[in-house]
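# Analysis of the macromolecular model
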Amino acid sequence: DAGVTQSPTHLIKTRGQQVTLRCSPKSGHDTVSWYQQALGQGPQFIFQYYEEEERQRGNFPDRFSGHQFPNYSSELNVNALLLGDSALYLCASSLDGRFYNEQFFGPGTRLTVL
Amino acid sequence: AQRVTQPEKLLSVFKGAPVELKCNYSYSGSPELFWYVQYSRQRLQLLLRHISRESIKGFTADLNKGETSFHLKKPFAQEEDSAMYYCALMRYQKVTFGTGTKLQVIP
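Residues numbered from 1 in each chain as written. Chains lettered and ligands numbered in written order. Predicted model: local features only at pLDDT ≥ 70, side-chain atom pairs only at ≥ 80, totals over all residues. Heavy atoms only, no water.

Bringing the overall build of chain B into the picture now. The secondary structure content of chain B amounts to 0 helices and 11 strands. Start at the N end of chain B and walk to the C end: the helices and strands fall as β-β-β-β-β-β-β-β-β-β-β. Its C-alpha atoms give chain B a radius of gyration of 13 Å, near enough to 13 Å, the size a compact globule of 107 residues would have. Projected onto the principal axes, the alpha-carbon positions of chain B cover approximately 40 × 30 × 25 Å. For chain B, with 107 residues in total, the buried portion stands at 45%. Counting contacts in chain B only where the partners sit at least 6 residues apart, residues at least 24 apart contribute 57% of the total. Accessible surface, chain B as shown: approximately 5,600 Å² in total, 50% of it carbon and sulfur. Computed over 15 positive and 9 negative side-chain charges, the separation of the two mean positions in chain B equals 7 Å. (Helix = DSSP H or I, 4+ residues; strand = E, 2+ residues; numbered from the N terminus. Rg over C-alpha atoms; globule rule 2.2 N^0.38 Å. Buried < 20%, exposed > 50% of the residue type's maximum accessible area, 1.4 Å probe, protein only. Contact = heavy atoms within 4.5 Å. Areas by Shrake-Rupley, 256 points an atom, 1.4 Å probe, with all protein chains shown as cover. Lys, Arg positive; Asp, Glu negative; His and termini not counted. Charge placed at Lys NZ, Arg CZ, Asp CG, Glu CD.)

Structure below.
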């Protein structure tokens, strides 16, 4: 099991563009959470998907949206990119209902907005 | 709103010295608290959670509700403990992380 995988590894976009990041959860996991980690900061919770629906959301604007597919993989979409969206985007998967829902993190996608 | 504070960005200790990484939280209910660790060039991973009252790699953390703290401790630091440590609070599936403390163990 490769664990949580994310693609692409790195991405460069310009302001105003749209981006899609992808995440495949650890085998057997059904819940995916997305985080944004700016340089020198801790991860900030964007949202969580379970059963193909957004279950919980952090303080992020509607420009940030997501999707979960029947195979539990997930996408994070960001529209109208701003310079401040430059960050490492982390995906974490877990198994709903498991003891305290331990999250397993992917390696992240480094997004640079120019 | 839930908040996690890690007051130290960098903590340097000598090998064999005790380690205490501070974490304070603000939340009125019963929190679920965790410590995550990120070693160089590795992924963020769970170190321990308060409910388990476990000791992992010699680290322990006690929840002090009166002081709203969840400090991470180890009696004798090892070089392999050098890493970034994040305290995190979870409520209703939403996880709030602190800004992290970089632990540097000096040989």
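Having put the structure on the table, let's press on.
Further remarks concern the environment of Ala 80 of chain A. Residues and elements named next belong to chain A. Within the element layout of this structure, Ala 80 appears in the loop between β8 (74-78) and β9 (87-94). Its relative accessible area of 38% is what places Ala 80 among the partly exposed residues. Sequence-wise, Ala 80 and Val 19 are 61 residues apart; in three dimensions their C-alpha atoms are separated by 8.8 Å. Residues in contact with Ala 80, not counting those within four places in the same chain, are Gly 16, Gln 17, Arg 63 and Asp 85.

Our focus in this paragraph is the environment of Ser 26 of chain B. Residue and element names in this part refer to chain B. Inspection of the secondary structure puts Ser 26 in strand β4 (residues 24-26). A relative accessible area of 32% means that Ser 26 is categorised as partly exposed. Dropping the residues within four chain positions of it, Ser 26 is found in contact with Ala 1, Gln 2 and Arg 3.

On to the nonpolar core. Residues Trp 35, Leu 47, Leu 48, Phe 70, Leu 72 and Tyr 85 of chain B are the most contacted members of the largest nonpolar core, which totals 24 residues. Counting only elements with at least two residues in this core, the list comes to β2 (10-14), β3 (19-21), β5 (32-38), β6 (45-49), β8 (69-74), β9 (83-91) and β11 (101-106) of chain B. Tallying contributions element by element places β9 of chain B first for this core, with 4 residues. Among the nonpolar cores identified, the runner-up in size contains 20 residues, and Val 32, Phe 64, Ala 87 and Tyr 89 of chain A belong to it. (Core = buried A, V, L, I, M, F, W, Y, C linked by side-chain atoms within 4.5 Å.)

The next subject is the environment of Lys 57 of chain B. All names here are of chain B. For Lys 57, the position within the fold is in the loop between β6 and β7 (60-64). C-alpha separation for the pair Lys 57 and Glu 8, spaced 49 residues apart in sequence, amounts to 22 Å. Apart from residues lying up to four places away in sequence, Lys 57 is in contact with Tyr 39 and Lys 74.

Here the focus is the interface of chain B and chain A. Between chain B and chain A, the residue contacts involve 19 residues of the former and 23 residues of the latter. Across the chain B to chain A interface the summed buried area is about 1,900 Å²; carbon plus sulfur atoms make up 52%. Three residues, Arg 43, Gln 93 and Lys 94 of chain B, lead the burial of chain B against chain A; their summed loss comes to 33% of the area buried on that side. Across the pair Glu 102 of chain A and Arg 49 of chain B runs a salt bridge whose closest N-O atoms are separated by 3.3 Å. Taken together, chain B and chain A are joined by 4 residue pairs in polar contact (both at pLDDT 80 or more). (Buried area = accessible area lost by both parts, 1.4 Å probe. Salt bridge = Lys/Arg side-chain N within 4 Å of Asp/Glu carboxyl O. Polar contact = N/O pair within 3.5 Å; in protein donor to acceptor, adjacent residues only side chain to side chain.)

Now for the pattern of salt bridges. Scanning the model with the defined rule gives 9 salt bridges over all chains in all. Note that Glu 79 of chain B and Lys 15 of chain B form a salt bridge whose closest N and O atoms lie 4.0 Å from each other. Linking Glu 79 of chain B in the loop between β8 and β9 with Lys 15 of chain B in the loop between β2 and β3, this pair joins segments that are 64 residues apart in sequence. Residues participating in the shared-partner salt-bridge network are Glu 102 of chain A together with Arg 49 and Glu 54 of chain B.

With that out of the way, let us pick up unusual backbone geometry. All names here are of chain A. Put simply, Ser 7 and Pro 8 share a cis peptide bond, and its omega is -10°. The topology assignment puts Pro 8 in the loop between β1 (5-7) and β2 (10-13). Positive phi is not limited to glycine here, since Glu 52 has a value of about 65°. In this structure, Glu 52 sits in the loop between β5 (44-50) and β6 (53-57). Residue Glu 52 is classed as partly exposed on the basis of its relative accessible area of 42%. The phi torsion at Ala 80 lies on the positive side, around 45°, for a residue other than glycine.

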